[in-house]
Amino acid sequence: MAPSVAVVGATGAVGEIIRQVLLEHNFPLRAIKFLASARSTGKVIEYRGKQYPVEPISPEAFVGVDIVLSSTPAAVSRETSPMAAAAGAIVIDNSSAWRMDPDVPLVVPEVNADALRSIPKGIVANPNCSTIQMVVALKPLHDLARIKRVVVATYQASSGKGAKGLFEFDRQINALGRGEKVPAVTAHAAQLAGNVLPHDWKLGDDGYSEEEIKMIKETKKIMGDDSIQVSPTTARVPVRVGHSEAINLEFERPISPEQAREALRKAPGVVVLDDYVKGEVPLPLNSAGRDEVFVGRIRRDPTVPHGLNLWVVADNLRKGAATNAVQIAEVLVERGWLPRR
């Protein structure tokens, strides 16, 4: 039987795209409902030609629901995701609240779908956007030559801050275009238009941002290999949608650019664009609205015995959030791993 689905945080930026992806993927469901905070209650969402009133989040709202696709702040998620799981649902949670819980699988379907065999708390964590696209590119190369070390610099879009980030960025662009003073900054750490921000996240330990720490810890958990060393630097750039990453890899075994291209071309969810002369390279502008991870600029690193450099791009709102969550749900349905009621 097709599952009953609830989308939590349905009126937010990621919640809206989850609805789009469900439609585009023709996700099988027998019923759907949309939940959000009290301030959104009463709004109406159209899905497959039918009108659905947005409902408040409550224990009763999850009764009879099989899959919850949740995109709320971590503080909200810590309360609502266990609530939904207690009602018998499998919750696919897009917040940072559960990612490092040892009893919660952290899943990118192209990399570790088998982790979904065991979901002790009824919660599956959707990884951080910058981590998702990176590990999709890393997995086939790790299988081929075993990665020892990752040095990554990210170039992350304004939409990583949600709708409020995009609204602020667009206002800045418009103000500059009219020759006006840029409005006061409230979403990003500083003016983003015409700028690059290496400090657009909360500060964590040892001078690293929380975003950088997520990439370190999440990569090890998803790849199932604590020996992989990750050295990240994250930055926000004046792009609306699409995160880019410059990735340097050191391997245990020899691997050539040609071998890497072949492995990546065969990998699920990856598109190789690697013809520099023709201008066929991954660009965030071209990744917008796409579910794949784009990889190019594959070249040897001459400073280590077994090293490669890559350029990796993906739509942070889709593969980096909504699409990955829906793909997790698809695996659960296709493999029959949903609990039987």
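Residues numbered from 1 in each chain as written. Predicted model: local features only at pLDDT ≥ 70, side-chain atom pairs only at ≥ 80, totals over all residues. Heavy atoms only, no water.

Peer 1: Any chance you could explain the packing of helix 1 (residues 13-24) against helix 9 (residues 318-334) here in plain terms?
Peer 2: For any two helices packed against each other, the geometry comes down to the angle between their axes and how far apart the axes lie. Two elements in contact, helix 1 and helix 9, have axes whose closest approach is 9 Å; the angle formed by their N-to-C orientations is 50 degrees. One element, helix 1, and the other, helix 9, form an angle in the oblique class. Read as a crossing pair, helix 1 and helix 9 show a hand that is right-handed. From helix 1, Val-14, Ile-17, Ile-18, Gln-20, Val-21, Leu-22 and Glu-24 reach across to helix 9, where they touch Arg-318, Ala-321, Ala-322, Thr-323 and Val-326. (Axes fitted to C-alpha atoms, helices over the stretch in contact; angles between N-to-C directions. Helix = DSSP H or I, 4+ residues; strand = E, 2+ residues; numbered from the N terminus. Parallel < 35°, antiparallel > 145°, perpendicular 65-115°, else oblique. Left-handed = near helix turned anticlockwise from the far one by under 90°. Contact = heavy atoms within 4.5 Å.)

Peer 1: Help me understand the pairing of strand 11 (residues 243-251) in this model?
Peer 2: Along any regular strand, the residues point their side chains to alternate faces of the sheet. Counting buried residues along strand 11, eight of its nine residues qualify, which places the element largely inside the surrounding structure. Across eight bridges, the pairing between strand 9 (residues 147-155) and strand 11 is antiparallel. Counterpart to Val-151 in the pairing with strand 11 is Asn-248. Pairing of strand 11 with strand 14 (residues 307-314), which is carried by eight bridges, proceeds in the antiparallel orientation. Each bridged residue has a counterpart across the sheet, and for Ile-247 the counterpart in strand 14 is Leu-310. (Buried < 20%, exposed > 50% of the residue type's maximum accessible area, 1.4 Å probe, protein only. Pairing = 2+ DSSP bridges.)

Peer 1: Hey, could you run me through the packing of aromatic side chains in this one?
Peer 2: Two measures describe an aromatic ring pair: the distance that separates the ring centres and the angle between the ring planes. The tally for this structure, following the rule as stated, stands at three aromatic pairs. Pairing Tyr-155 with Trp-311 gives two aromatic rings, centres 5.4 Å apart and planes at 55 degrees, and the pair type is tilted. Of this pair, Tyr-155 sits in strand 9 while Trp-311 sits in strand 14; the two residues are 156 residues apart in sequence, bridging distant segments of the chain. Taken together, Phe-34, Tyr-47 and Tyr-52 form an aromatic cluster joined through their ring pairs. (Phe/Tyr/Trp six-rings, centres within 6.5 Å; stacked < 30°, edge-to-face > 60°.)

Peer 1: Can you help me understand the sheet that holds strand 12 (residues 270-272) in this one?
Peer 2: Hydrogen bonds between backbone groups are what pair the strands of a sheet, and the pairing can be parallel or antiparallel. Sheet architecture is open: six strands sit in the order 10-9-11-14-13-12, paired in mixed fashion. Only two strands of the sheet have a single neighbouring strand rather than two, namely strand 10 (229-233) and strand 12. Strand after strand, the sheet turns through a mean of 25 degrees between neighbouring axes, direction not considered. On top of the sheet, helix 6 (residues 210-223) reaches strand 9, strand 10 and strand 11; it is set at about 155 degrees to strand 10, its chief contact.

Peer 1: Teacher, can you tell me more about the nonpolar core here?
Peer 2: It is characteristic of soluble globular proteins that their nonpolar side chains tend to be buried jointly. Val-68, Leu-141, Val-150, Ile-247, Leu-249 and Val-295 are the most contacted members of the largest nonpolar core, which has 52 residues in total. If one sorts the elements of this core by residue count, helix 4 (residues 129-145) sits on top with eight residues. (Core = buried A, V, L, I, M, F, W, Y, C linked by side-chain atoms within 4.5 Å.)

Peer 1: What exactly am I supposed to notice about the pattern of salt bridges here?
Peer 2: Side chains that differ in sign of charge can pair as their charged atoms come close. Per the stated rule, a full pass over the model turns up 20 salt bridges. Notably, a salt bridge pairs Arg-117 with Asp-114, separated by 3.9 Å at the nearest N-O pair. For Arg-146, the salt bridge goes to Asp-225, with nearest N and O atoms at 3.1 Å. Taken as a pair, Arg-146 in the loop between helix 4 and strand 9 and Asp-225 in the loop between helix 6 and strand 10 lie far apart in primary sequence, 79 residues in all. Taking relative accessible area as the criterion, Arg-146 reaches 29% and is therefore assigned partly exposed. Three or more residues joined by partner-sharing salt bridges are found here, namely Glu-24, Asp-291 and Arg-318. (Salt bridge = Lys/Arg side-chain N within 4 Å of Asp/Glu carboxyl O.)

None of this, on its own, says anything about what the molecule does.
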